[in-house]
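Here is how the chains run, residue by residue.
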Amino acid sequence: MRLTGKVAVVTGAASGIGRGTALRCAEEGADVAIADIEEAGLRETAQQVGALGHRVLPEIVDVRERAQVERLVERTCAELGGLDIMVANAGVGTGALFLNTTDEQYDRLMDTNLRGVYLCGQAAARAMVARGTGGAIINIASTYAEVTAPQSSVYAASKGGVRMLTKGMALELGAHGIRVNCIGPGWIRTGMNPLTDEARVARIVDGVPLGRIGTPHDVAGAALFLASDDAAYITGVIIFVDGGWILQ
């Protein structure tokens, strides 16, 4: 799954799944543009990617803002020589009962989790089409694109939207040699989801057939596969990286 000579963009790269994916891309030979709104974490990720010997372009980006997303893609193409892989990972999570959900909570979830993926995918696809060499877009959704739970109705709707957006993008962009796929992480130990309550962790693990909580490395492995030539005939799918939790 070597990515030698490729250029990847990873959003939400200041920590967690985004950082893990950026590092895996660099380990596999890619130059990487990384984006996040959190400057300190982004700087740390840039140092780790740079230590692997590949070019890294850090950019403070709010994925809800079209101008910032388009600037990220433009800088990537200008400074790193093109764009082959977009990993639209930036997202937020929050919990509220449906009857208590505010407009502000709804807008934050939808604007970040769905609009952000739309803007990143559109900007990346336009650059890939202009270049004429195809590419791979990987959208990060959730197991909640398939199931839901109390206090998760709007979050699940945003992630379900990512799944359907992925299908539509794949259908339209295939003619340009652009593959678009989706990953649905399950219970992954990240900064957004630290899982510090060990009693809760034990209850979760009881429902995971593979018997453990996932790591950013697990999700990054799926992203690397979908970005690579090993997945050259795969588009429009969602891969759940959840240890089998969704089967319960």
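The following paragraphs examine the structure supplied in this document. (Residues numbered from 1 in each chain as written. Predicted model: local features only at pLDDT ≥ 70, side-chain atom pairs only at ≥ 80, totals over all residues. Heavy atoms only, no water.)

**Considering the overall build of the protein chain**
Scanning the protein chain from N- to C-terminus turns up seven helices and seven strands. Beginning at the N terminus, the succession of helices and strands in the protein chain can be written as β-α-β-α-β-α-β-α-β-α-β-α-α-β. Computed over its C-alpha atoms, the radius of gyration of the protein chain comes to 17 Å, within 12% of the 18 Å expected for a compact globule of 248 residues. Burial status across the protein chain gives 53% buried among its 248 residues. (Helix = DSSP H or I, 4+ residues; strand = E, 2+ residues; numbered from the N terminus. Rg over C-alpha atoms; globule rule 2.2 N^0.38 Å. Buried < 20%, exposed > 50% of the residue type's maximum accessible area, 1.4 Å probe, protein only.)

**Notes on the packing of helix 1 (residues 16-27) against helix 7 (residues 216-227)**
Direction vectors running N to C along helix 1 and helix 7 enclose 50 degrees, while the axes themselves pass 8 Å from each other. As summarised for this structure, helix 1 and helix 7 are arranged oblique, according to the angle between their axes. Between helix 1 and helix 7 the crossing geometry is right-handed. Residues Gly16, Ile17, Gly20, Thr21, Arg24 and Cys25 of helix 1 pack against Pro216, His217, Val219, Ala220, Gly221, Ala223 and Leu224 of helix 7. (Axes fitted to C-alpha atoms, helices over the stretch in contact; angles between N-to-C directions. Parallel < 35°, antiparallel > 145°, perpendicular 65-115°, else oblique. Left-handed = near helix turned anticlockwise from the far one by under 90°. Contact = heavy atoms within 4.5 Å.)

**With respect to the pairing of strand 2 (residues 31-36)**
Within strand 2, six of the six residues are buried, which leaves it mostly tucked inside the rest of the structure. Every second residue of strand 2 is oriented toward a common face, with Asp31, Ala33 and Ala35 on one face and Val32, Ile34 and Asp36 on the other, all of them buried. You can see the chain leave strand 1 (residues 7-11), run along helix 1 and come back into strand 2, and the turn it takes is right-handed. Where strand 2 lies against strand 3 (residues 56-60), five bridges are found, and the strand directions are parallel. (Right-handed = clockwise from strand over helix to strand, strands pointing away. Pairing = 2+ DSSP bridges.)

**Some words on the nonpolar core**
Residues Val69, Met86, Ile137, Leu173, Ile178 and Val180 are the most contacted members of the largest nonpolar core, which totals 34 residues. Contributing elements (two or more residues each) for this core: strand 1, strand 2, helix 3 (66-80), strand 4 (85-88), helix 4 (103-131), helix 5 (153-173) and strand 6 (178-185). By residue number, the principal contributor to this core is helix 4, which donates eight residues. If we ignore the near neighbours within four places in the chain, the residues touching Met86 are Val9, Thr11, Val73, Cys120, Ala124, Met128, Ala136, Ile137 and Ile138. Ala26, Val32, Ala46 and Ala231 belong to the second-largest nonpolar core, a separate cluster that totals 31 residues. (Core = buried A, V, L, I, M, F, W, Y, C linked by side-chain atoms within 4.5 Å.)

**A word on the state of the cysteines**
Inspection of the entire model under this criterion finds zero disulfides. Among the cysteines around Cys77, which has no disulfide bond, Cys120 carries the closest sulfur, lying 13 Å off. Considering cysteine sulfurs only, Cys120 is the nearest to Cys182, which forms no disulfide, with 14 Å between them. (Disulfide = S-S within 2.5 Å.)

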